[in-house]
Amino acid sequence: MSAASCLLSEDPFLCSICLDVFTDPVTTPCGHNFCKNCINEHWNSDVQYLCPVCKEMFNTRPDLRVNTLFSEMVSHSSEQQAAKPGEVPCDVCTGTKLKALKSCLVCLTSYCETHLEPHLTAPRLKRHQLIDPVENLEDRMCMKHDKPLELFCKTDQTCVCALCSVLDHKTHEFVPLKEEYEGKKAELGKTEAEIQEMIQKRRLKIQEIKHSVDLSKEAADREKAEGVQVFTALMESVERSLNELIETIEEKQRTTEKQAEDFIKELEQEISELKKRSSEVEKLSHSEDHLHLLLNFLSLKAAPPTKDWTEVSVRPPYEGSVVKAVAQLEETLSEQMKKLFEAELKRVQQYAVDVTLDPDTANPKLILSDDGKQVNHVDVRKNLPDNPERFSSGPCVLGKQSLSSGRFCFEVQVKEKTKWSLGVARESINRKGQILLNPQNGYWTICLRNGNEYKCCNNTPLCLSLKSQPQKVGVFVDYEEGLVSFYDVDAAALIYSFTGCSFTEKLYPYFSPSPNDGGKNSAPLIICPVNETE
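Residues numbered from 1 in each chain as written. Predicted model: local features only at pLDDT ≥ 70, side-chain atom pairs only at ≥ 80, totals over all residues. Heavy atoms only, no water.

1. Quick look at the overall build of the chain
What counts here: Secondary structure follows DSSP: runs of H or I at least 4 residues long count as helices, runs of E at least 2 residues long count as strands, and numbering of each begins at the N terminus. We compute the radius of gyration over the C-alpha atoms and compare it with the globule rule, which gives 2.2 Å times the number of residues raised to the power 0.38. Burial classification: accessible surface area is computed with a 1.4 Å probe over protein chains only, and a residue below 20% of its type maximum counts as buried, one above 50% as exposed, and the rest as partly exposed. Here, residues are in contact when the closest pair of their heavy atoms is within 4.5 Å.
Looking only at helices and strands, the chain has nine helices and 24 strands in total. Its C-alpha atoms give the chain a radius of gyration of 54 Å, clearly above 24 Å, the size a compact globule of 534 residues would have. Looking at the chain as a whole, 31% of its 534 residues qualify as buried. In the chain, the share of contacts with a sequence separation of at least 24, taken over all contacts with a separation of at least 6, comes to 55%.

2. Looking at the confidence of the model for the chain
Do not read the fine detail of predicted coordinates wherever pLDDT is low. We count it as follows: As a per-residue quantity, pLDDT reports the predictor's confidence and falls between 0 and 100.
Of the residues in the chain, 93% reach a pLDDT of 70 or more, and the chain-wide mean stands at 85. Between residues 1-10, whose pLDDT stays under 50, and residues either more than four places distant or in other chains, the model counts 15 contacts.

3. Re the sheet that holds strand β11 (residues 174-176)
The cut-off we apply is this: Whether two strands pair comes down to DSSP finding at least two bridges between them. Note on method: axes are straight lines fitted to C-alpha atoms, helices fitted across the in-contact stretch only, with angles between N-to-C directions ranging 0 to 180 degrees.
Across the sheet, which stays open at both edges, the three strands sit in the order β10-β9-β11 with antiparallel pairing between neighbours. Both edges of this open sheet fall to β10 (158-160) and β11, since each of them pairs with a single strand only. For this sheet the average axis-to-axis angle between neighbouring strands, irrespective of direction, equals 35°.

4. Focus: the sheet that holds strand β13 (residues 374-377)
The pairing of strands in a sheet happens through backbone hydrogen bonds and is either parallel or antiparallel. The strand order across the open sheet built from seven strands is β12-β13-β24-β15-β20-β21-β22, with neighbouring strands paired in antiparallel fashion. In the strand order of this sheet, the two ends are held by β12 (366-368) and β22 (493-498), each with one partner. Sheet twist, expressed as the average angle between the axes of neighbouring strands with direction ignored, equals 20°. Here six bridges tie strand β20 (residues 472-478) to strand β21 (residues 483-488), and the two strands are oriented antiparallel to one another.

5. Thoughts on the side chain of Asp488
This is how the line gets drawn: A positive count includes Lys and Arg, and a negative count includes Asp and Glu. His and the chain ends are not counted in either. Here, a salt bridge means any side-chain nitrogen of Lys or Arg that lies within 4 Å of a carboxyl oxygen of Asp or Glu. Within 3.5 Å is the distance limit for a polar contact, defined as a pair of N or O atoms, with the added protein rule that one can donate a hydrogen and the other accept it, and that residues adjacent in sequence qualify only through two side-chain atoms.
By secondary structure assignment, the location of Asp488 is in strand β21. Within the buried core, Asp488 has no salt-bridge partner, and the shortest N-O distance to an opposite charge, that of Lys472, equals 9.2 Å. Within the structure, Asp488 has its side chain in polar contact with the backbone nitrogen of Ala491 (distance 3.2 Å). When sequence neighbours within four positions are dropped, the list of residues in contact with Asp488 reads Ser468, Gln469, Pro470, Lys472, Ala493 and Ile495.

6. Some remarks on the side chain of Ser392
Structurally, the position occupied by Ser392 is in the loop between β13 and β14 (397-398). What makes Ser392 buried here is its relative accessible area of 16%. A distance of 3.0 Å separates a polar side-chain atom of Ser392 from the backbone nitrogen of Gly433.

7. A closer look at the nonpolar core
Counted only if it meets this: The definition of a nonpolar core used throughout is a set of buried Ala, Val, Leu, Ile, Met, Phe, Trp, Tyr and Cys residues joined through side-chain atoms within 4.5 Å.
Judged by nonpolar contacts, the single largest core of 35 residues is most densely connected at Trp420, Val484 and Phe511. Aside from chain neighbours lying at most four places away, what touches Trp420 is Val414, Ile446, Cys447, Leu448, Arg449, Tyr454, Val473, Ser512, Pro513, Ser514 and Leu525. If you look at the next biggest cluster of nonpolar residues, it comprises twelve residues, including Phe391, Cys396, Ala425 and Tyr510.

8. Topic: a nonpolar patch on the surface
Under the convention used in this document: Like-charged residues within 9 Å of one another, or nonpolar side chains (Val, Leu, Ile, Met, Phe, Trp, Tyr) within 5 Å, are grouped into patches, provided each residue has over 30% relative accessible area and no salt bridge. All accessibility values rest on the Shrake-Rupley procedure with a 1.4 Å probe; residue burial counts only the protein chains present in the view.
A cluster of nonpolar side chains, namely Leu163, Val166 and Leu167, defines an oily patch on the protein surface of about 250 Å² accessible area. Secondary-structure assignment places Val166 in helix α6 (residues 162-166).

9. What about helix α9 (residues 321-348)?
Under the convention used in this document: Here a helix's expected span is defined as the number of its residues, less one, multiplied by 1.5 Å.
Taking 1.5 Å as the rise per residue, α9 with 28 residues should run 40 Å; its terminal C-alpha atoms sit 40 Å apart, in good agreement. Residues Ser321, Ala325, Leu329, Phe341, Leu345 and Val348 constitute the buried set of α9.

10. A short note on the environment of Ile271
Within the secondary structure, Ile271 sits in helix α7 (residues 177-285). Placed 210 residues apart in sequence, Ile271 and Arg61 show a C-alpha to C-alpha distance of 143 Å.

11. Quick word on the packing of aromatic side chains
Note the threshold: Centre distance within 6.5 Å is the pairing criterion for rings of Phe, Tyr and Trp, where only the six-membered ring of Trp is used; planes under 30 degrees apart are then read as stacked, over 60 as edge-to-face, and the remainder as tilted. In this analysis the charged atom, NZ for Lys or CZ for Arg, is taken to sit over a ring once it is within 6 Å of the ring centre and within 35 degrees of the ring normal.
Here the structure, examined in full by the defined rule, presents 13 aromatic pairs. In textbook terms, an aromatic cluster arises when at least three aromatic residues are bridged by ring pairs, as seen for Trp43, Tyr49 and Phe58. Over the face of the ring belonging to Trp309 we find Lys307, whose NZ or CZ atom lies 4.5 Å from the ring centre. Directly above the ring of Phe391 sits Arg431, whose terminal nitrogen or CZ lies 6.0 Å from the centroid.

12. Some details on the environment of Thr27
Counting through the fold element by element, Thr27 comes out in strand β1 (residues 25-27). Residues Thr27 and Thr504 lie 477 residues apart in sequence; the distance between their C-alpha atoms is 87 Å. Those residues in contact with Thr27, other than ones at most four positions away along the chain, are His32, Asn33, Leu64, Arg65 and Asn67. Side chain to side chain, Thr27 and Asn33 meet in a polar contact 2.6 Å long.

13. With respect to the pairing of strand β15 (residues 407-413)
Of all seven residues making up β15, five are buried, and the element is well covered by its neighbours. Here three bridges tie β15 to strand β24 (residues 525-528), and the two strands are oriented antiparallel to one another. When the bridges of β24 are listed, Gln413 appears paired with Ile526.

14. Here's the deal with unusual backbone geometry
The phi torsion at Glu416 lies on the positive side, around 65°, for a residue other than glycine. Tracing the chain through its elements places Glu416 in the loop between β15 and β16 (420-426). Not every positive phi belongs to a glycine, and Ala492 is a case in point at roughly 50°. Note on placement: Ala492 falls in the loop between β21 and β22. By relative accessible area, which is 6% here, Ala492 ends up buried.

Okay, here's the thing in C-alpha cells:
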C-alpha cells in the first residue's frame, strides 16, 4: 500500500466543525462524522438538532455512536506521523512524506513503516542490510564507480567498493565493512571502558579532595578552638598579672603612705614639744630675776633629746615591679609555649618514617652500621666505587627513603658530638667536590660547630640561640607547605624552620657526622625510633 493510499486524503479525517483531526469521532443517524465534543457543543448552542453537513433535522437529540473504524484509522494515522524537520523522510512516499523507520544499505533508500513491509516479508529483500534511518545515503556510494561502499581497505584506512578492490587498491589488504566495524566497535568499547575508568578515577579523586577539605575544615576548627582556648588563657594570665601588679603597687603605696603618716605625726609631736620648750626658753631669757633664771636654766637644759631625722626618708618602693611582673609573665608564657609545642610535636611525630642510611651514597670515610641506623667518620678511606650517587669529599650520606609529596619526620641522636649536620637534600644535589650547605644548592640543614655553636645553614648562615644543647634532634618536612622544621625532642622545643620553600624534586634525609677530630667527635649519629611524646 502506498503512502498516499494509506493516508487517502486528510479531509476524511477532519471534523467539519473544528476543521482538525477527529478527537473521539462519533456518527450521526444521517451518517456524518464529527468530534464528540464539537457536535455536542453545536447542538447545545442551537435550538434545532440539524446535521451541520446535510442539514437533516432531527425531532429529538440523536444518540451518538462511536465510529470504531474512524477511531482506528485516526490512531494509525497519528502513529505514522509526517517527518519533522531534522528527521529522515521516507523516499517512497508521495505527497506527505512520512517519517522513515529504516534505511536499506543495498537499495540506498529510506522506508516508512508501510513501505518497509516488503523488506520484512519478501525472502529476496530480507537479505538486505537495514539500519536506523540516515540521510544522504548517496554518501555511501563510491564516487568513482557508483557502487556501494562495502569493503574496508586496511592499507589506506578507507571504505571502498568492490571495483576499487580490483582496480585502484588491488594490492591492498581488505576486509568486509562489517568485520572492520566489529573491530572498531570493540576498540570503541575498550576506549569507552578506559574513559569510564578515567571518569571513575576522577570521581574518586573528587571524593578524596572533598574528604581532604572536610578533614582540613575539622583540623581548622580544632586549631581555632585550641587557639581561642590558648589565647584566652594567655589573656587571662596577662590580665591576672596586670591586676596583681596593680594590687602590689597599690599595697606598697598604702604602706608608704601609712609610714609617711606615722613619720609626720611623730615630727609634729616633736615640733609641738619644741615649740613649748622654745616658749619656756624665751620666757626665761626675758626674766630680770637672777635667781629665778639660774634655778630654771638647769631644768630646761635637761629636757629629753629629740630624734635625729637626717637619715629618715620615704622612698617609692616600686622600682623593678613591672620588670619582675613581666619576667613572671614571660615564664608563664614559656610554659604555655612548651605545652603548645608538645601538642604540635605529637602531631608531627604521627608522620614518622623508618629511615635507613643508603650505603651507595656514603662517603668512603664513613662507617655505617649493619642495620643502616648509625654513621660515624674514620680517618681511613675505604676503596669504594665512585658511583654518581656517592659523596666524594664531604663526610655525608643520604637516607634510602624519599619524599615527593605529603609529610614525614625522623629523629636523630646527636649526643656526645661536637660537630654534625642534619636535614634534607633534593635528589639532584652535587655530590662531588666541595659542598656548600644552603637551600640554593638543594640543602635544608642545621649544624653544630665547636661543641656549642648551632647554626642554620641558610644562604646567609644564621647563629641559633638555644637554651639547652639538644641530645636528640627531630626533622619534619611538609612538602606541599614548603616547610622544613628542626626540633629538640627532649626539650619539646622548636630549633628552626625553613618556610616558603619550593620543592619540585624528591627530598632525601641528609646526615653528616662531620670529621672525628682526632677522636673528639667520634660518637656516631644514630637514627632513633620516633616515640610519640606523652
